[in-house]
Amino acid sequence: MSGQAIVVGGGIGGLAAAVALRRIGWQATVLERAPELGEIGAGMSQAPNALRALDELGVGERARAAGVPTYSAGNLRLPDGRYLQRARPGDPTPLLAFHRADLHGVLREAVPAGWLSTGVKVTGVRRDGDEVTVTWSGGEARADLVIAADGIHSTLRRLLWLDAPPPRFLGRTAWLGVTPPGALRGSVTTKDPDELAGSVTMGPGAYFLIHPLSRDRVYWACVTTADRPDLRYETEKAEVARRLTGWHDPIPSLIAATPDDAVIHIDIHDLDPLPAYVHGRVALLGDAAHAMSPDRGQGAGQSIEDAVVLAAALAGESSIDAALRRYDAERRPRTQATARGARTDGRRTTSAAAHRALVTMIRLMPRALWLKGIAADGNPTWRWQPPHLTAPTAQC
């Protein structure tokens, strides 16, 4: 079975969907509302489950070349610098860290240029028999299938899932930054290479994440509690530095090395579970279906998984409707469980009371048990295996 799809959204999930469709012999049009196709944001990590999905998309090797191993799961610290757990040479590094733009670029290169349209703000969608029509100001297009990969504030989810509640604020906010290439070279904080190899520093009510990136850059994120969303500050960089006064090196150096206008402040939201990811011939994908807090590092990874599973269903089923039922049945339980787990992890890492219990647990945990938990085969979310995408030449 082959066909034509419209993908609404040109982020990582939307591009992954387009690459997956191309792998099974489908055609696609990607509609992005921004005037230029790109990926905003800073850094992230991808776990083995996402890397396997990228392999199935045919871009795994290029993605690994763009990523950097990070020891963030193995280096756990307190604000005064003491290590609760410390990675050693030879410890597993199942995570690869990326600048979002780098992974976005890998996927974009795998999508035919003629498939991409920017500056298109979708305003409507309707089913016309066996086709779906997507409309926007000044135009419309028809396809056999529409994939809504337009993010947590998805237009198509709002239009079709009328009973779905809006995104929910989780009572937390985050500052994100990336240091310029080489900005920390020669700094006193780099004398201990472990300090920039990836870590998580856990304080009461906040944590600070460090990932190394390609081109001698470092990604950092500070996540803390907030009474309400949309609280903003005259100088965001100064505010995050103030909140982390007294925290260990290299945290002050990383914040100081980041240009003021490069510090991003976001509020953390997720979605309540939807009863279905499919409405007629429209399928939700990625954050449009299951936006989650960043505490398990699975947001983009689950989007890439979605793309592979949807394409495999389209290649393996006798009809599009059957493929969409299979996609919904396979993806909804896994992604919603992952979102629940991320929400729980977020409460544990930013609640002062839960912080004390978590620190005690980590201190008492045998090192061998901790390593088992961060090994590629020790984390149940990471053990996921992608379905095989049949090459176009095998299509009937």
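Right above here is the structure, for reference.
A quick note: this is a predicted structure, and the numbers were derived from the prediction, not measured.

Caption draft 1: Focus on the overall build of the protein. A count of helical and extended segments in the protein gives 12 helices and 19 strands. For the protein, whose C-alpha radius of gyration is 21 Å, the value lies close to the compact-globule estimate of 21 Å for 396 residues. C-alpha atoms of the protein, sized along the principal axes, occupy 65 × 45 × 40 Å. Counting only residues that meet the buried cut, the protein has 56% of its 396 residues in that class. The contacts of the protein with a sequence gap of at least 6 include a subset with a gap of at least 24, amounting to 75%. As presented, the protein carries roughly 16,700 Å² of accessible surface, and 52% of it is formed by carbon and sulfur atoms.

Caption draft 2: The pattern of salt bridges, seen in detail. If you walk through the whole model with that rule in mind, you get 25 salt bridges. A salt bridge links R168 to D272; the shortest N-O distance between them is 3.1 Å. Of this pair, R168 sits in strand 13 (residues 168-178) while D272 sits in the loop between strand 17 (264-270) and strand 18 (278-279); the two residues are 104 residues apart in sequence, bridging distant segments of the chain. The exposure class assigned to R168 is partly exposed, which follows from its relative accessible area of 31%. For D272, a relative accessible area of 25% corresponds to the partly exposed category. A salt bridge links D306 to R331; the nearest nitrogen and oxygen atoms lie 2.6 Å apart. Of this pair, D306 sits in helix 9 (residues 299-316) while R331 sits in helix 10 (residues 320-350), placing them 25 residues apart in sequence. A residue is classified by how much of its surface remains accessible, and D306, at 0% relative accessible area, is buried.

Caption draft 3: Local environment of the packing of helix 10 against helix 11 (residues 352-364). At their nearest, the axes of helix 10 and helix 11 sit 5 Å apart, and the two run at 90 degrees to each other. Relative to helix 11, helix 10 is oriented roughly perpendicular. On the side of helix 10, the interface is formed by R347, R348, T349 and T350, while helix 11 contributes A352, A354, H355 and L358.

Caption draft 4: The packing of aromatic side chains, seen in detail. Tallied over the full model, the rule gives 2 aromatic pairs. Note on W175 and Y233: the rings are 6.3 Å apart at their centroids and 40 degrees apart in plane angle, and the pair reads as tilted. Placement of the pair is W175 in strand 13 and Y233 in the loop between strand 16 (217-225) and helix 6 (236-243), with a sequence separation of 58 residues. According to the relative accessible area criterion, W175 is buried, its value standing at 0%. In this structure Y233 comes out as partly exposed when scored by relative accessible area, which is 29%. Centre to centre, the rings of F208 and W220 are 5.7 Å apart; their planes meet at 10 degrees, and the pair counts as stacked. With F208 in strand 15 (residues 206-213) and W220 in strand 16, this residue pair connects regions lying 12 residues apart in the sequence. For W220, a relative accessible area of 0% gives the class buried. R86 extends its terminal NZ or CZ atom over the ring of Y83, reaching a point 4.2 Å from the ring centre.

Caption draft 5: Seen up close, the sheet that holds strand 4 (residues 68-70). What the 3 strands build is an open sheet, ordered 3-7-4; its pairing is antiparallel. The open sheet has two free edges, formed respectively by strand 3 (43-46) and strand 4, since each of these has just one partner strand. The mean inter-strand angle of the sheet, taken between neighbouring strand axes irrespective of direction, is 40 degrees. Here strand 3 runs beside strand 7 (residues 95-99); their pairing, made up of 4 bridges, is antiparallel.

Caption draft 6: Here's a closer look at the nonpolar core. L21, L54, L57, L107, V282 and L314 are the most contacted members of the largest nonpolar core, which totals 73 residues. The element contributing the most residues to this core is helix 9, with 10 residues. Excluding anything up to four places from it in sequence, L57 contacts A16, V19, A20, R23, L107, I304, V308 and L389. One finds A47, I362, L371 and I374 within the second-largest nonpolar core, a separate group that totals 27 residues.

Caption draft 7: View of the packing of helix 2 (residues 48-56) against helix 9. Two elements in contact, helix 2 and helix 9, have axes separated by 9 Å at closest approach and are oriented at 35 degrees. Of the two elements, helix 2 crosses helix 9, and the hand of that crossing is left-handed. Residues N49, A50, A53, L54 and E56 of helix 2 form the contact with helix 9, whose own contacting residues are G301, Q302, I304, E305 and V308. Each residue belonging to the contact of helix 2 with helix 9 can be placed in one class, and the counts come to 5 nonpolar, 3 polar and 2 charged.

Caption draft 8: Geometry of helix 10. With 31 residues, helix 10 should cover 45 Å at 1.5 Å per step; its first-to-last C-alpha distance of 43 Å lies within 8% of that length. Along helix 10, the sharpest kink reaches roughly 30 degrees, centred on R331 and followed within four residues by the proline P333.

Caption draft 9: Unusual backbone geometry, seen in detail. D249 connects to P250 through a cis peptide bond whose omega is 10 degrees. Residue position: P250 is located in the loop between helix 6 and helix 7 (251-257). Even without glycine at this site, D216 takes up a positive phi of about 60 degrees. Structurally, D216 can be placed in the loop between strand 15 and strand 16.

Caption draft 10: Highlighting the side chain of N75. Examined against the element boundaries, N75 turns out to sit in the loop between strand 4 and strand 5 (76-77). You can call N75 buried: its relative accessible area is 1%. Apart from the residues lying within four places of it in its own chain, the contact partners of N75 are Y83, Q85, R86, A87, D194, G198, S199 and V200.

Quick notes on the rules
- Residues numbered from 1 in each chain as written.
- Predicted model: local features only at pLDDT ≥ 70, side-chain atom pairs only at ≥ 80, totals over all residues.
- Heavy atoms only, no water.
- Helix = DSSP H or I, 4+ residues; strand = E, 2+ residues; numbered from the N terminus.
- Rg over C-alpha atoms; globule rule 2.2 N^0.38 Å.
- Buried < 20%, exposed > 50% of the residue type's maximum accessible area, 1.4 Å probe, protein only.
- Contact = heavy atoms within 4.5 Å.
- Areas by Shrake-Rupley, 256 points an atom, 1.4 Å probe, with all protein chains shown as cover.
- Salt bridge = Lys/Arg side-chain N within 4 Å of Asp/Glu carboxyl O.
- Axes fitted to C-alpha atoms, helices over the stretch in contact; angles between N-to-C directions.
- Parallel < 35°, antiparallel > 145°, perpendicular 65-115°, else oblique.
- Phe/Tyr/Trp six-rings, centres within 6.5 Å; stacked < 30°, edge-to-face > 60°.
- Lys NZ or Arg CZ within 6 Å of the ring centre and 35° of its normal.
- Pairing = 2+ DSSP bridges.
- Core = buried A, V, L, I, M, F, W, Y, C linked by side-chain atoms within 4.5 Å.
- Left-handed = near helix turned anticlockwise from the far one by under 90°.
- Nonpolar A, V, L, I, M, F, W, Y, C, P; charged D, E, K, R; others polar.
- Expected span 1.5 Å × (residues − 1).
- Bend = angle between axes of the 7 residues up to and from the residue.

None of this, on its own, says anything about what the molecule does.
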